[in-house]
2 protein chains.
Amino acid sequence: MKVRVHVSLKPGVLDPQGRAVHHALEGLGFAGIEDVRIGREIDLEVADETTDAALDEMCRKLLANMVIENYRIEKLEAA
Amino acid sequence: MKVRVHVSLKPGVLDPQGRAVHHALEGLGFAGIEDVRIGREIDLEVADETTDAALDEMCRKLLANMVIENYRIEKLEAA
């Protein structure tokens, strides 16, 4: 099955990459940009019998840094 | 308005970061993983009057590398 994991910085955590993109967009002449934050989208193709608990463990152990990041698991295709 | 830009590598383009995560997950003992690909999710807070053309231009000029990446613009809140 196809699973997508969305990883984003927790609110309040400084996002230097987002700030750099924000400044670069303004430098290119785009106006009205108030905020930019950048996250990751991890597309996994896993065996259909993979449990939700296993997916959760993958996120906690490797895919997300639980100190500064949140994650959300989205199933793109039913098992 | 809130806009989310999804940037992913085009099919066929090698994803070294995805491969590294794939190997790391297997190293941690997770079985049945067939593929891992990693993309970016860019959350923009822009002025409501920002046009679709401007958003498209931001993606083409800065947010995505059109040679190897695809992008998709998703509006999270109506203008």
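The written sequence of each chain sets the order in which its residues are numbered from 1. The naming scheme follows written order: chains are lettered A onward, ligands numbered 1 onward. With pLDDT at 70 or above as the cut-off, local features in this predicted model cover only qualifying residues; side-chain atom pairs require 80 or more to be listed or tallied, and sums for whole chains, interfaces and linings still use all residues. Calculation of side-chain values draws on the structure's entire complement of heavy atoms; hydrogens and water are dropped beforehand.

Let me state the cut-off plainly: UniProt positions are given in the numbering used here, feature names are shortened, and annotations may be inferred rather than shown by experiment.
Labelled according to an unreviewed UniProt entry, chain A appears under the name Phosphoribosylformylglycinamidine synthase subunit PurS, originating from Tsuneonella deserti. Listed under Subcellular location (unreviewed entry) in UniProt, the entry text for chain A is "Cytoplasm". Note on chain A: under the UniProt heading Pathway (unreviewed entry), the record states "Purine metabolism; IMP biosynthesis via de novo pathway; 5-amino-1-(5-phospho-D-ribosyl)imidazole from N(2)-formyl-N(1)-(5-phospho-D-ribosyl)glycinamide: step 1/2."

Comments concerning the relation of the copies chain A and chain B
Going by this rule: For the least-squares superposition of copies, only C-alpha atoms count, and only for residues with pLDDT at least 70 in both. By definition, residues are in contact when any of their heavy atoms lie within 4.5 Å.
The transformation that overlays chain A on chain B combines an axial shift of 0.0 Å with a rotation of 180 degrees, and the residual RMSD is 0.0 Å. In symmetry terms, the pair is related by a two-fold rotation axis. Identified as the residue of chain A closest to the rotation axis by C-alpha distance is Arg40 of chain A, at 2.3 Å. In this assembly the copies share their binding face: 100% of the residues contributing to the interface of chain A also contribute to that of chain B.

Structural notes on the interface of chain A and chain B
Here is the rule we go by: Throughout, buried area stands for the accessible area (probe radius 1.4 Å) lost by two parts on being put together, summed over both. By definition, a salt bridge exists where a carboxyl oxygen of Asp or Glu is found within 4 Å of a side-chain nitrogen of Lys or Arg. In protein, a polar contact requires one atom able to donate a hydrogen and another able to accept it; more generally it is a pair of N or O atoms within 3.5 Å, and residues adjacent in sequence count only if both atoms are side-chain atoms. By the criteria applied, helices consist of DSSP H or I runs no shorter than four residues and strands consist of E runs no shorter than two, each listed in order from the N terminus. Residues are sorted three ways: Asp, Glu, Lys and Arg are charged, Ala, Val, Leu, Ile, Met, Phe, Trp, Tyr, Cys and Pro are nonpolar, and all the rest, Gly among them, are polar. Strand pairing is defined by DSSP finding a minimum of two bridges between the two strands.
Contact residues are listed per partner, giving 31 residues for chain A and 31 residues for chain B. Carbon and sulfur atoms supply 64% of the area buried between chain A and chain B, which totals about 2600 Å² over both sides. The interface formed by chain A and chain B includes zero salt bridges. Our count for the chain A to chain B interface comes out at 12 residue pairs in polar contact (both at pLDDT 80 or more). Going through the elements one at a time, strand S1 (2-9), helix H1 (16-27), strand S2 (33-46) and helix H2 (52-63) of chain A are the ones with two or more residues in the side of chain A that touches chain B. At 14 residues, S2 of chain A tops the list of elements feeding residues into the side of chain A that touches chain B. When the residues that make up the side of chain A that touches chain B are grouped by side-chain class, the tally is 16 nonpolar, four polar and 11 charged. As paired elements, S2 of chain A and strand S2 (residues 33-46) of chain B share 13 bridges and run antiparallel to each other. Note on S2 of chain B: the bridge partner recorded for Ile42 of chain A is Ile38 of chain B.

Thoughts on H2 of chain A
Formally: Summary of the burial criterion: residues with accessible area below 20% of their type's maximum are buried, those above 50% are exposed, and those between are partly exposed, where the area comes from a 1.4 Å probe applied to protein chains only. Along the arc lie the directions from the helix axis toward the C-beta atoms.
Those residues of H2 of chain A that fall on the buried side of the exposure criterion are Ala54, Leu55, Met58, Cys59 and Leu63 of chain A. The buried residues of H2 of chain A occupy an angular sector of 145 degrees when projected down its axis, which confines them to one face. Looking at the buried positions of H2 of chain A, the neighbouring elements they touch are S1, S2 and strand S3 (69-75) of chain A together with helix H1 (16-27) and S2 of chain B.

Points about the pattern of salt bridges
Residue and element names in this part refer to chain A. Using the criterion set out here, one finds 12 salt bridges over all chains in the structure. The partner of Asp43 in a salt bridge is Arg4, and the shortest N-O contact between them spans 2.6 Å. With a gap of 39 residues between them, Asp43 in strand S2 and Arg4 in strand S1 connect regions that are remote in the sequence. Since its relative accessible area comes to 25%, Asp43 is described here as partly exposed. Between Lys61 and Glu57 there is a salt bridge whose closest N-O contact spans 3.0 Å. Within this pair, Lys61 and its partner Glu57 are both found in helix H2, separated by four residues, close to a single helical turn. You can call Lys61 partly exposed: its relative accessible area is 49%. Exposure remark for Glu57: the relative accessible area of 35% places this residue in the partly exposed category.

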